Amino acid sequence: MKIVVCIKQVPDSEAKVVAQNGQVSWGESPLVINPFDEYAVEAALQQKETQGGDVTAVCIGNDSARDALKHALAMGADNAILVFDPALAEIDSQGAARILAAAIQKVDSVDMVIFGRQTIDTATGLTTAQTARVLGWPMLALAGSIKVDGRKVVVERVIEEGKQTLSANMPVVLSVVQSIGEPRYPSFMGIRKASKANIPVWSLSDMGLQAPVAVVKRVELLNPPSRNVACEIINGSTPEEIADTLAEKILAEKVL
Amino acid sequence: MKTWVYIDHFKGEAVPSSWEAIGVGKTLSPVTALVFGSNVEGIVKSSFEFGADEVFVVDDAALADFRAETFASTLSALAMAAAPDLILLPNTFRAREMAAMAAIDLNSGVLIDVTALEANVEQITATRPIYEGKLFEKTICSTKPQFITLRGRAFPRPSRQVGTSGPVSRASAKTHSLTIVEGYSAGETGVSINDAGIIVAGGRGVSNNPSMGLDEKATAKKGFELIGDLASLLGGAIGASRAAVDAGYIPYSHQVGQTGKVVSPDLYIAAGISGSIQHIVGIRTAKLVIAINKDSEAPIFTVARYGVVGDLFTFLPLITNAFKKKLGK
């Protein structure tokens with residue numbers, strides 16, 4: 001089975017991200033593989049282990065995004081492809097989906113594409129559905145478990161209201177949620193292999209694409225209003241008294 | 001301007017933030033509500049009662065189960081024929097997937113999880129949180145129809161005018177689909193954190209009570225029961241920090257912060273949550289935050305209005321009792 005995992009590089013979740021001169025700044029914090037995409041890599045490796053085949057990680061990004069791809073390789077992915085083109089500086093989700101779809105077609109004979117459920121930067125959560133739509137392949141989104149039976153893929157889709165069982169025939173596009181299993185740590189051997197890996201770069205012309213025109217554009221970046229609340233610690237001679245005082249305070253705020 | 005509002009629903013229940021979308025739509029133009037599904041007359045009726053001026057219904061057995069493919073194709077076909085300027089949707093998984101696919105069909109854009117809108121005759125500007133709520137961006141879409149999904153509780157819910165009705169148009173479904181819905185098992189009942197006016201949430205601290213003599217998971221189960229008692233008394237939802245979800249104490253649908261969810265309740269009670277940066281940005285739009293933590297230095301106290309330094313296992317039953325008495329329940 002040929003599996004493609006689509007990943008993205010994002011500022012670390014611990015980073016203090018601020019708007020500075022209209023740009024996003026994350027200070028000295030590192031760029032990392034999007035945390036939800038680690039689950040996608042994990043899901044792909046699980047499928048490879050049970051079904052055989054190989055795993056290719058694909059990332060749209062600039063040179064620094066090689067580190068995210070190396071993380072996927074160190075976890076156990078077989079191949080990595082960096083999609084880079086100067087024309088890709090400002091793309092929207094639709095543009096990203098069209099480019100990823102083209103990359104998946106160029107990888108060729110792909111059976112399964114796996115995404116994380118969303119990124120932690122722009123967090124549109126649109127790319128899985130849009131890539132599936134561009135490819136014309138079925139989408140099995142928010143999978144908490146994946147079973148493969150011949151060409152049939154069955155997933156348990158985790159939604160707010162419960163769990164749905166969905167199925168479709170390959171080739172399919174999936175997104176996975178955390179219940180797929182904790183992402184494995186890169187092994188020592190994996191890290192060595194990844195550090196030596198030669199990661200090919202595909203440009204738009206390599207995939208026969210024109211630069212996509214972004215229809216969604218950012219016009220302003222804002223820091224959230226600062227929230228200066230002075231915390232009043234409730235004291236009292238007994239826990240009961242503290243509970244009583246706190247209940248009174250909450251009722252006085254008229255939020256119930 | 002022609003505004004459509006998609007009414008999301010599951011198993012016969014409309015998602016309440018759909019009504020908020022009708023309210024937003026009506027500030028811009030008359031609203032056509034879209035109701036797709038099978039046996040959806042009840043939802044059509046509610047759509048009028050919450051302010052829709054007309055309703056487009058696509059009622060087809062093939063739409064009994066939501067599938068993004070069929071729902072998106074049905075929406076795209078309607079939009080191609082009637083050319084709306086704007087399609088508003090609640091920011092649910094379903095509506096987001098459907099808007100994503102329809103936007104590919106219509107070669108247009110989707111603005112996601114929007115918390116504020118500014119509209120003039122030429123342009124709609126949407127504000128949305130990014131980087132887990134650490135920043136906000138204002139975005140525009142240069143094509144039509146533009147799709148906008150609205151964050152639950154970010155906009156006022158219109159009041160219901162019982163008995164209101166209006167014109168209904170019917171259209172046919174696009175039923176081609178490559179995916180099959182084979183089954184469904186209901187999750188926990190209770191209020192979703194998206195729509196909750198009150199959230200009581202637990203973190204790592206729910207497993208920290210050696211005096212009970214239970215293992216970590218059993219202690220955490222007990223801790224979340226205490227949280228659940230308070231939440232249900234107040235008619236609220238149960239939330240959780242990422243640490244509690246990662247430790248397997250509670251399903252991730254309860255997770256607040258770190259793209260889990262950015263929530264906007266009127267009251268947020270954090271019990272045993274230290275307050276990571278991701279969690280704190282996730283509750284930034286909560287009106288009143290209360291922190292209960294053993295550690296007086298926990299960062300959660302920096303965003304709380306009122307704090308209690310103490311053990312949640314002792315304190316939660318007491319505050320639940322105090323509310324019982326004061327609310328006469």
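From a predicted model like this one, the values you see are computed outputs, not experimental measurements.

Cut-offs used in this document
- Every chain's residues receive numbers from 1 upward, in the order its sequence appears when written.
- As a convention, the first chain written is A and the first ligand written is 1, with the rest following in written order.
- Where totals are concerned, whole chains, interfaces and linings use all residues; where local detail is concerned, this predicted model gives features only for residues with pLDDT of at least 70, and gives and counts side-chain atom pairs only at 80 or more.
- Elements are defined by DSSP. Helices are runs of H or I of four residues or more, strands are runs of E of two residues or more, and each kind is numbered from the N terminus.
- Multiplying one less than the number of residues by 1.5 Å gives the expected span of a helix.
- Burial is judged by counting other C-beta atoms within 10 Å of a residue's own C-beta: 20 or more means buried, 12 or fewer means exposed, and anything between counts as partly exposed, with every C-beta placed from the backbone.
- A pair of strands is treated as paired once DSSP finds two or more bridges between them.
- Each domain span listed reflects an automatic or database assignment of domains.
- In this description, any two residues whose backbone-derived C-beta atoms lie within 7 Å of each other are considered to be in contact.
- Gly falls in the polar group here, along with every residue not listed as nonpolar (Ala, Val, Leu, Ile, Met, Phe, Trp, Tyr, Cys, Pro) or charged (Asp, Glu, Lys, Arg).
- Axis lines are fitted through C-alpha atoms, for helices just across the contact stretch, and the angle between N-to-C directions can take any value from 0 to 180 degrees.
- Here is the rule for angles: anything less than 35 degrees is roughly parallel, anything more than 145 is roughly antiparallel, 65 through 115 is roughly perpendicular, and the remaining ranges are oblique.
- Here is the rule for handedness: rotate from the far helix to the near one, and if that takes an anticlockwise turn smaller than a right angle the crossing is left-handed, while a clockwise turn gives right-handed.

A. Region of the structure containing helix α1 (residues 35-51) of chain A. Residues and elements named next belong to chain A. Taking 1.5 Å of rise per residue, 17 residues should cover 24 Å, and α1 covers 25 Å from first to last C-alpha, within 8% of that figure. Phe36, Asp37, Glu38, Tyr39, Ala40, Val41, Glu42, Ala43, Ala44, Leu45 and Gln47 are the residues of α1 that are buried. Just downstream of α1, Gly52 is the residue with a positive phi angle, here 80°.

B. Focus on helix α4 (residues 93-106) of chain B. All names here are of chain B. Between its first and last C-alpha atoms α4 spans 20 Å; for 14 residues at 1.5 Å apiece the expected length is 20 Å, and the two agree. The buried fraction of α4 is high, at 13 of 14 residues. Positive phi appears at Asn107, one or two residues downstream of α4, with a value of about 55°.

C. Up close: the pairing of strand β9 (residues 124-130) of chain B. All names here are of chain B. Two strands pair when backbone bridges link them, and strand β8 (residues 116-119) and β9 are joined in this way by four bridges, in the antiparallel orientation. Within β9, the residue paired with Ala119 across the bridge is Ile124. Hairpin connection of β8 to β9: four residues between the antiparallel strands. Direction of pairing for β9 relative to strand β10 (residues 135-141): antiparallel, over a ladder of five bridges.

D. Examining unusual backbone geometry more closely. Between A:Met170 and A:Pro171 the backbone carries a cis peptide bond, its omega angle lying at 0°. With respect to the helices and strands, A:Pro171 occurs in the loop between β11 (162-169) and β12 (172-176). Cis rather than trans, the peptide bond between B:Lys144 and B:Pro145 has omega equal to -5°. Along the chain, B:Pro145 turns up in the loop between β10 and β11 (146-150). Here A:Leu142, not a glycine, exhibits a phi torsion of approximately 60°, which is positive.

E. Highlighting the domain arrangement of chain B. Residues and elements named next belong to chain B. For chain B, the assigned domains read domain 1 (3-170) and domain 2 (198-327). Summarising the inter-unit geometry, the C-alpha centres of domain 1 and domain 2 are found 33 Å apart. Opposite the seven residues of domain 1 that make contact, domain 2 presents nine residues. Residue composition of the side of domain 1 that touches domain 2, by class: two nonpolar, one polar and four charged.

F. Up close: the sheet that holds strand β1 (residues 2-7) of chain A. Reading across the sheet, the 10 strands line up as β13(A)-β7(A)-β6(A)-β1(A)-β8(A)-β12(A)-β9(A)-β10(A)-β11(A)-β13(B) and stay open at both edges, with mixed pairing between neighbours. The open sheet has two edge strands, β13 (201-202) of chain A together with β13 (180-186) of chain B, and neither has a second partner. In the sheet, strand β9 (residues 139-149) of chain A pairs with β12(A) via three bridges, with the strands oriented parallel. Opposite A:Ala143, over in β12(A), you have A:Val176 as the bridge partner.

G. Representation of the packing of helix α3 (residues 68-82) of chain B against α4(B) within the structure. Residues and elements named next belong to chain B. Between α3 and α4, whose axes approach to 8 Å, the crossing angle comes to 45°. With respect to their mutual orientation, α3 and α4 come out oblique. Judged by the twist between their axes, the crossing of α3 over α4 is right-handed. Note on element contacts: α4 touches α3 through Glu97, Met98, Met101, Ala102, Asp105 and Leu106, opposite Ala68, Glu69, Phe71, Ala72, Leu75, Ser76 and Ala79. Its residues placed into classes, the contact of α3 with α4 shows nine nonpolar, one polar and three charged.

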